[in-house]
Amino acid sequence: MSYVAVKGGARAIGAAHQLIADTLYPENNASDTPVDQLHQQLDQQLRLGIDRIMAEASLYDRDIAARALLQAQGDSIEAVFIVRAYRATLSRFLDAEPLKISDSQPQRHISAAFKDVPGGQQLGATYDYSHRLLGYFQHLPAPQSAAEPFIKSEDAAAETRHSGVMQLLEQEGFIETSTAAPTEENRDITQIPPGFPASRAQRLQTLARADEGFLLGMAYSTQRGYGQNHPFIAELRQGSVNVEITPPELGFTICIGQISMTECQMINQFHGDTPEQATFTRGYGLVFGHNERKAIAMALLDRALRARELGEKVQAPAQDEEFVLSHCDNVEATGFVEHLKLPHHVDFQSEIATLRALRAHPKNSPTEHSDGL
Amino acid sequence: MDHKPKQEQAPRPRRALWISELAQSSLKTLQAMAANVSLWPDYQLLEGPEIGTILMHGPIAGNGGTFPVGDCTITRCRVRDTRGYEGFSWILGQQPEIALWAARWDALLQDPNHYATYWKNIDQLRQERMQREQNTATAMQKTQVRFFSMENMRT
């Protein structure tokens, strides 16, 4: 049954919006913080919230994400919706050069698989090792004195460049190797909607802009046994990556700045037709901003969704690409789920009418009904 | 894609360096730097400043291909000054004022005389940027760690 549109209610809707505006920008605002400063403050102090909106909205712009989060009163899915709508008004000038993640300036670079990684394990700004106590960061002891040396990884002095752990595994032949040339189409799913089966590029693009909560739940399911998985994080990296473009007017490549990205390279269980051919397999996650949880979940799901490619049985929801890719977008999902709030008076009346009609004809007695079955 | 290998072989033109440094500067810096120029040539706006996006592509590790990660906002601008030099700018984010200044600087620096006079400004931008990056790297290096495995737990 289709939705029947309604009209009217303009005055009430206007008043409802005014209530929001009054909450957002009260007339007797005690703090008197100008709106622009509020955005900057949001960007600075709710940095990870802004990162999440940028990733799910698929638009890297901290200022727009902060404005959207404020307008949405902190509702991140609503903010993502606003940013997506705004993005749709902009024209796309060109395609940037592929990001060179391995050349990034890492703030955080850790490996759960190896103790000593090239460049050293670097924790960066993290609360991974903190107690989850309210006010914890307000009561930190004074920083260590400069005289006391920091414990550095052995390799760190020899090599400060954070090169890849995966290359080491590749050199030993323990991990499935790169195919030299791109074998799949890299088509933007926002321009050409993907069908099924989707290419790995299409799956990754869908996951990169998917809802973090959905990815987290699905990734968790693979760890609990719904889809075989035995993952190790080979590398988790967060840092600034150069943005390079080659404008046709210039004909040469220019670097125009950096964006923050999080990358997760996951090593998974063996695969191979014979024991000699057995290698680890890969899962890959790459998202805008500092978003480790999502990058890890994405890498787990990328691996799970490669089931068919690697000759595994597709049994669990996380391995079913039609299930995962069709339901992971929070703007699409919220559109359909929340549209139930809109007036469905006509639809519902038609169902009431049907029920009344059924009751009005006592011919449909229970006995006759069961006979019919 | 055809021109890319050639670009990688040839050293980047000087112009790529200054465009890059201008693109990464703040409006405040560009305005302060503009005061150093004794006589700004008149210019005509050919395009923009206009806000749009660029599509970012990320690698697919181990696959050799790439996938679209998402868009970045970008502001571009194109000017022509009275001596006929066309200046371009591409700035990350929504930065019409920066884009206009950067495009004017690009046109200015293409004049060899101006380049000789004002290159030091660009070089200063570069040094300041590298210092900022170094400061961040130093702060982050303080969090370098070596975890010890508790071997006794296994044996």
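Residues numbered from 1 in each chain as written. Chains lettered and ligands numbered in written order. Predicted model: local features only at pLDDT ≥ 70, side-chain atom pairs only at ≥ 80, totals over all residues.

1. What to know about the overall build of chain A
Scanning chain A for helices and strands turns up 14 helices and seven strands. With 373 residues in all, chain A has 33% of them scored as buried. Long-range contacts, defined as pairs at least 24 residues apart, comprise 64% of the intrachain contacts of chain A with a sequence gap of at least 6. (Helix = DSSP H or I, 4+ residues; strand = E, 2+ residues; numbered from the N terminus. Buried ≥ 20, exposed ≤ 12 C-beta atoms within 10 Å, placed from the backbone. Contact = placed C-beta atoms within 7 Å.)

2. What about the interface of chain B and chain A?
In many reports, interface size means the accessible area that the parts give up when they come together. Between chain B and chain A, the contact holds 51 residues from the first and 65 residues from the second. Of all the secondary structure elements, the ones that give two or more residues to the side of chain B that touches chain A are helix H2 (14–23), strand S1 (43–59), strand S2 (66–81), strand S3 (86–92), helix H5 (112–141) and strand S4 (144–145) of chain B. It is S2(B) that provides the largest number of residues to the side of chain B that touches chain A, a total of 10 residues. For the side of chain B that touches chain A, the per-class residue count stands at 24 nonpolar, 21 polar and six charged. Here strand S4 (residues 121–122) of chain A pairs with S4(B) via two bridges, running antiparallel. Directly across from Gln122(A), in S4(B), lies its bridge partner Gln144(B). (Nonpolar A, V, L, I, M, F, W, Y, C, P; charged D, E, K, R; others polar. Pairing = 2+ DSSP bridges.)

3. Quick look at the packing of helix H3 (residues 27–34) of chain B against helix H4 (residues 96–109) of chain B
All names here are of chain B. It is at 10 Å that the axes of H3 and H4 come closest, and there the two elements cross at 35°. Considering only the axes of H3 and H4, their crossing is left-handed. In this structure, H3 uses Leu 27, Leu 30 and Ala 34 to contact H4, whose residues at the interface are Glu 97, Ile 98, Trp 101 and Ala 102. For the contact of H3 with H4, the class distribution of residues is six nonpolar, no polar and one charged. (Axes fitted to C-alpha atoms, helices over the stretch in contact; angles between N-to-C directions. Left-handed = near helix turned anticlockwise from the far one by under 90°.)

4. Quick notes on the pairing of strand S5 (residues 232–245) of chain A
Residue and element names in this part refer to chain A. Judged by how many residues are buried, S5 sits mostly within the fold: 10 of 14 residues are covered. In this structure, strand S3 (residues 105–110) lies alongside S5, joined through five bridges in antiparallel fashion. The residue bridging His 109 from the neighbouring strand is Arg 237, located in S5.

5. Topic: H5(B)
Residue and element names in this part refer to chain B. Between its first and last C-alpha atoms H5 spans 42 Å; for 30 residues at 1.5 Å apiece the expected length is 44 Å, and the two agree. At Tyr 118, H5 shows its maximal kink, close to 50°. Among the residues of H5, those classed as buried are Asn 121, Ile 122 and Leu 125. Check the buried side of H5 and you find it contacts H2 and H3. (Expected span 1.5 Å × (residues − 1). Bend = angle between axes of the 7 residues up to and from the residue.)

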